[in-house]
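Structural characterization, general
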Amino acid sequence: MSSLMPLPRDLAAASFSRDIREIELAEVLAIVRKQIALLDLDLSGLTVVVGATTGYQAVTATAAALANASRVVALARITSRHPSLAAIADATLAFAKHAKVSERIEVTNRIGSRKWQDVDLVTSCPQVGPISRSLIELLPSHAVISLMAEPWELRPGFVDFDACEEAGIKVAAPNLNHPAIDLLPEFARLCCILLSDAGVDQRAARLAIVCDTPCAPSLEQALRAGGARVSVFSHPMLLTDGTWDVIVVAMRPSDKPSMDINSLGRIARNSRQALLVQFSGGIDRSAASYFGLRVWPPKRLTRGQLGLPLDVLGSAPIVRRLTGGLKAAEAAYRGVELGRDSIGFLVTAGSATVGA
């Protein structure tokens, strides 16, 4: 048993923060092995750079090693939240030791400039990113960057796509709608939990979803199934005047809040009693406070952060995302043709959905 992984409490509980609890590592290892087999993930002969961290994300290094990567470098970032390299290394290696692959994983807080030339796959994660021009110029031209997310999920500037294109370096993203990953329904589940945490009774609630991501159909379906009367709008300025009980903001990350002072002013005039639920994207909270609008969750989110972390749903969705991201990068590295129905797709500068 280990405290590596978080498990949610009762998902109906109206509590925003959730404890880290011990789980049976064998259960998570079985999920990782199943996904590797399902995807036929094979990183043989490759050097892979991942993030060293705690929680479910810590399985990335082990998944790469179990997929036969010749070397896995787990890069740590020392922060106020994770001030100890030893603690991060312990969390990352605990699962690897259980899977008996820890000898192929190196945890470090720095990779020398020349060592980047030996890297084949780089995963985009907070410990590695932002993936800037200065880092890209250190990589060999055959290297592949795995976004580990679809481009619409990333905050602006997290990857310098122009520099990748100039260097001839491929950028691969997992297809979250692929049956082996299937995360869009999971996002909808997460949104329903966020609403429950906010104390929203979905039955007969008049609910507006403001969403410009592929999650819109899944969100609408899940909330209708919960009994809500739902309308979907692709932009805050398209939100019709009306008396809404709840307005779910599910927008892409952006430099400026998509729900800005103008949009909030319109809401305050027509639906002042509405609760704004921030699932993704930005809300100008200063303006919301000025207009007397309520926002959930009460704590301001960092740019690109979801209203609830995906690990609230347990390990399986996270594992599907991580292994899917690795598989998309492996396919791109080996020159496999990637299209819209593939496990992943290639991303180029100025495009979020370009296939091979």
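Description of the structure in this document. (Residues numbered from 1 in each chain as written. Predicted model: local features only at pLDDT ≥ 70, side-chain atom pairs only at ≥ 80, totals over all residues. Heavy atoms only, no water.)

A short note on empty space enclosed by the protein
Applying the stated criterion to the full structure yields one cavity of 30 Å³ or more. Considered as a void within the structure, the largest cavity measures approximately 60 Å³ in volume. Surrounding the largest cavity, L239, T240, D241, G242, W244, R266, I267, N270 and S271 form its lining. Partitioned by chemical class, the residues of the lining of the largest cavity number three nonpolar, four polar and two charged. (1 Å grid on protein atoms, 1.4 Å probe; cavity = no way out; pocket = protein on both sides within 12 Å on 5 of 7 lines; lining within 4 Å. Points joined across faces, edges and corners; volume = space filled by probe spheres on them. Nonpolar A, V, L, I, M, F, W, Y, C, P; charged D, E, K, R; others polar.)

Details of the sheet that holds strand β9 (residues 246–250)
Consider a sheet: its strands pair through backbone hydrogen bonds, and that pairing is either parallel or antiparallel. Strand order in the open sheet formed by five strands is β8-β7-β9-β10-β11, and the pairing between neighbours is parallel. The sheet is open, and its two borders are formed by β8 (229–233) and β11 (294–296), each paired with just one other strand. Across the sheet, the mean angle separating the axes of adjacent strands is 20° when strand polarity is ignored. Relative to β11, strand β10 (residues 275–280) runs parallel, the two sharing three bridges. Bridging across to β11, V277 finds its partner in W296. Contacting β7 (206–211), β9, β10 and β11, helix α6 (residues 184–197) runs over the sheet at an angle of about 145° to β10. (Pairing = 2+ DSSP bridges. Helix = DSSP H or I, 4+ residues; strand = E, 2+ residues; numbered from the N terminus. Axes fitted to C-alpha atoms, helices over the stretch in contact; angles between N-to-C directions. Contact = heavy atoms within 4.5 Å.)

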